[in-house]
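A look at the structure
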Amino acid sequence: MSDTPKRRRLLDEIGSSPTFLADGSRFTGDLETPGALVVCGSIRGDGHVGGALRMAVNSSWEGEVHAQHGIIAGRITGKLVIAEKLEIGATSVIHADVSARSIAIAKGAVIQGEVTVTSGEAVLQFEEKRQP
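Residues numbered from 1 in each chain as written. Predicted model: local features only at pLDDT ≥ 70, side-chain atom pairs only at ≥ 80, totals over all residues. Heavy atoms only, no water.

**Some words on the side chain of Ser92**
We apply this condition: A helix here means a DSSP run of H or I that spans at least four residues, while a strand means a run of E at least two residues long, and both kinds are numbered starting from the N terminus. In the analysis that follows, any N or O atom pair within 3.5 Å is treated as a polar contact, provided that within protein one partner can donate a hydrogen and the other can accept it, and provided that, for residues neighboring in sequence, both atoms belong to side chains.
Relative to the assigned elements, Ser92 resides in the loop between strand 9 (85-88) and strand 10 (93-100). For Ser92, the side chain forms a polar contact with the main-chain oxygen of Ile72, separated by 2.7 Å.

Next comes the structure, spelled out in structure tokens:
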């Protein structure tokens, strides 16, 4: 048995009834949801997500985004503010200032902007093992 603790997957925290934006869908305007949000399409506007934000590989968001937790595999342009844990996948392309309590970045992710870890901890880098 390994003494190394397993990384807790944020995907497990999305919950049972998230809001979905389907693949191929486009949303323009400010978006607010009290719980989790799964984005497979594209959004242009600011957003406030009361739970976990999950962005799929082909998703995109242009604007200022605030969420409790985040799992990003798509594209973000603007600003990303996460209250707790942020996981940035290898397929991510982020042109934004990023702020979160803790941040894990997969090798291969592209980030252009300032990265701030509010807890003072170091950014964790990892090798993506899951297939998108």
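Once the structure has been displayed, the description carries forward.
**A word on the pairing of strand 8 (residues 75-82)**
Here is the rule we go by: Should DSSP find at least two bridges between two strands, the strands are regarded as paired.
Bridge count between strand 7 (residues 60-72) and strand 8: 8 bridges; the pairing is parallel. Paired with His66 across the two strands is Val81, which belongs to strand 8. Sheet topology places strand 8 next to strand 10; 7 bridges connect them, and they run parallel. What sits directly across from Ile76, in strand 10, is Ile94.

**What about the pattern of salt bridges?**
This is how it is decided: One speaks of a salt bridge when a side-chain nitrogen belonging to Lys or Arg is within 4 Å of a carboxyl oxygen belonging to Asp or Glu.
This model, assessed by the stated rule, comprises 3 salt bridges. Arg44 is paired through a salt bridge with Glu62; the nearest N and O atoms lie 3.3 Å apart. Here the residue Arg44 occupies a position in strand 5 (residues 42-44), and Glu62 occupies one in strand 7, the gap between them amounting to 18 residues. Measuring nitrogen to oxygen at the nearest pair gives 3.7 Å for the salt bridge that ties Glu127 to Lys107. A residue pair is termed long-range when its members are at least 10 positions apart, and Glu127 in the segment after strand 14 (124-126) and Lys107 in the loop between strand 11 (102-106) and strand 12 (110-112) qualify at 20 residues.

**Quick notes on the environment of Gly51**
Just so we agree on the cut-off: Under the scheme applied here, a residue whose accessible area is under 20% of the maximum for its type counts as buried, over 50% as exposed, and between as partly exposed, the area being computed with a 1.4 Å probe on protein chains only. Contact between two residues is taken to exist if any of their heavy atoms lie within 4.5 Å; hydrogens are not considered.
Along the chain, Gly51 turns up in strand 6 (residues 47-55). On the accessibility criterion, Gly51 (13% relative accessible area) is buried. In this structure, the C-alpha to C-alpha distance between Gly51 and Pro34, residues 17 residues apart in sequence, is 6.7 Å. Each residue touching Gly51, except ones within four places of it in the same chain, is listed here: Pro34, Gly35, Ala36, Ala67, Gln68 and His69.

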